[in-house]
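Given next are the chains, with one letter for each unit.
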Amino acid sequence: MDIRNLITDSDDRLRIVQELVPGKEITLAHVIASPDPIMYQKLGLNPELDFSGAAIGILTVSPAETAIIAADLSTKSANVDLSFVDRFSGTLITTGLISDVESGLKAVLEYCENNLGFKVCKLSRT
């Protein structure tokens, strides 16, 4: 959640102070099914894949360190490759077959909601 406080200093100038208040939530869980091969190149992913039945999974979590747990859960529950894990932004990107990427993200959503008490979004797919 982003909280903005407007503060007027001694010179009557307006100053904006931003604070990030992390909640326990997954705000994005999305599967890009059968992406165009150029997406792999533009995202810096492995373009040498067999693209038939391929997918890219994207997850955004808060607090950001949860991305490490999500990476562990998704790789243990499905045959996915970790393409990107950022413990500072809370972003996880996985690749693999559509069914595997979906299974991996579903496992993360279920675990975080049921075991960690997270508020989770629905899994979306394009």
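Note that the structure is a prediction, hence the values are computed from the model and not measured.

## Quick word on the overall build of the chain
Each helix and strand in the chain was counted, giving 3 helices and 8 strands. By the burial criterion, 34% of the 126 residues in the chain qualify as buried.

## Side note on the pairing of strand S5 (residues 81-86)
Sheet topology note: the S5/strand S6 (residues 91-97) ladder contains 5 bridges and is antiparallel. In the strand pairing of S6, Val85 is matched with Leu92. Two successive antiparallel strands, S5 and S6, enclose a turn made up of 4 residues, where Gly90 displays a positive phi of approximately 80°.

## Concerning a nonpolar patch on the surface
A surface patch of nonpolar side chains, amounting to about 240 Å² of accessible area, comprises Ile38, Met39 and Leu43. Considering the arrangement of structural elements, one finds Met39 in helix H1 (residues 37-42).

## A few points about helix H2 (residues 66-77)
For H2, spanning 12 residues, the distance from its first C-alpha to its last is 16 Å, which sits close to the expected 16 Å at 1.5 Å a residue. Of the residues making up H2, those classed as buried are Thr66, Ala67, Ala70, Ala71, Leu73 and Ser74. The inward-facing, buried residues of H2 contact strand S4 (54-62), S5, S6 and helix H3 (98-114).

## With respect to the nonpolar core
In terms of nonpolar packing, the biggest core is built from 22 residues, with Ile26, Leu59, Val101, Val108, Cys112 and Val120 touching the most fellow members. No other element matches H3, which puts 6 residues into this core. When near neighbours in sequence (up to four residues on either side) are disregarded, Leu59 contacts Ile26, Leu28, Ala29, Ala70, Gly90, Thr91, Leu92, Leu105 and Val108. Of all hydrophobic cores here, the second largest spans 6 residues; its members include Ile32, Leu45, Ala54 and Ile56.

## Section: H3
Here H3 is 17 residues long and its end C-alpha atoms lie 24 Å apart, about the 24 Å a rise of 1.5 Å per residue gives. For H3, the set of buried residues is Ile98, Asp100, Val101, Glu102, Gly104, Leu105, Val108, Leu109 and Cys112. Among the structural elements, strand S3 (25-33), S4, H2, S6, strand S7 (119-120) and strand S8 (124-125) are those in contact with the buried residues of H3.

## With respect to the packing of H2 against H3
Two numbers describe how H2 lies on H3: the axes approach to 8 Å, and their chain directions differ by 130°. Taken as axis vectors, H2 and H3 run oblique relative to one another. Here the hand of the crossing between H2 and H3 comes out right-handed. Counting all contacts with H2, which are made through Thr66, Ala70, Leu73, Ser74 and Ser77, the residues of H3 involved are Ser103, Gly104, Ala107, Val108, Tyr111 and Cys112.

## With respect to unusual backbone geometry
Of note, the bond from Ser62 into Pro63 is cis; its omega dihedral lies within 30 degrees of zero at 5°. You can see Pro63 is positioned in the loop between S4 and H2. Residue Ser34 is not a glycine yet carries a positive backbone phi of 50°. Here Ser34 is to be found in the loop between S3 and H1.

What counts, and where the lines are drawn
- Residues numbered from 1 in each chain as written.
- Predicted model: local features only at pLDDT ≥ 70, side-chain atom pairs only at ≥ 80, totals over all residues.
- Heavy atoms only, no water.
- Helix = DSSP H or I, 4+ residues; strand = E, 2+ residues; numbered from the N terminus.
- Buried < 20%, exposed > 50% of the residue type's maximum accessible area, 1.4 Å probe, protein only.
- Pairing = 2+ DSSP bridges.
- Patch = residues over 30% accessible without salt bridge, like charges linked within 9 Å, V, L, I, M, F, W, Y side chains within 5 Å.
- Areas by Shrake-Rupley, 256 points an atom, 1.4 Å probe, with all protein chains shown as cover.
- Salt bridge = Lys/Arg side-chain N within 4 Å of Asp/Glu carboxyl O.
- Expected span 1.5 Å × (residues − 1).
- Contact = heavy atoms within 4.5 Å.
- Core = buried A, V, L, I, M, F, W, Y, C linked by side-chain atoms within 4.5 Å.
- Axes fitted to C-alpha atoms, helices over the stretch in contact; angles between N-to-C directions.
- Parallel < 35°, antiparallel > 145°, perpendicular 65-115°, else oblique.
- Left-handed = near helix turned anticlockwise from the far one by under 90°.

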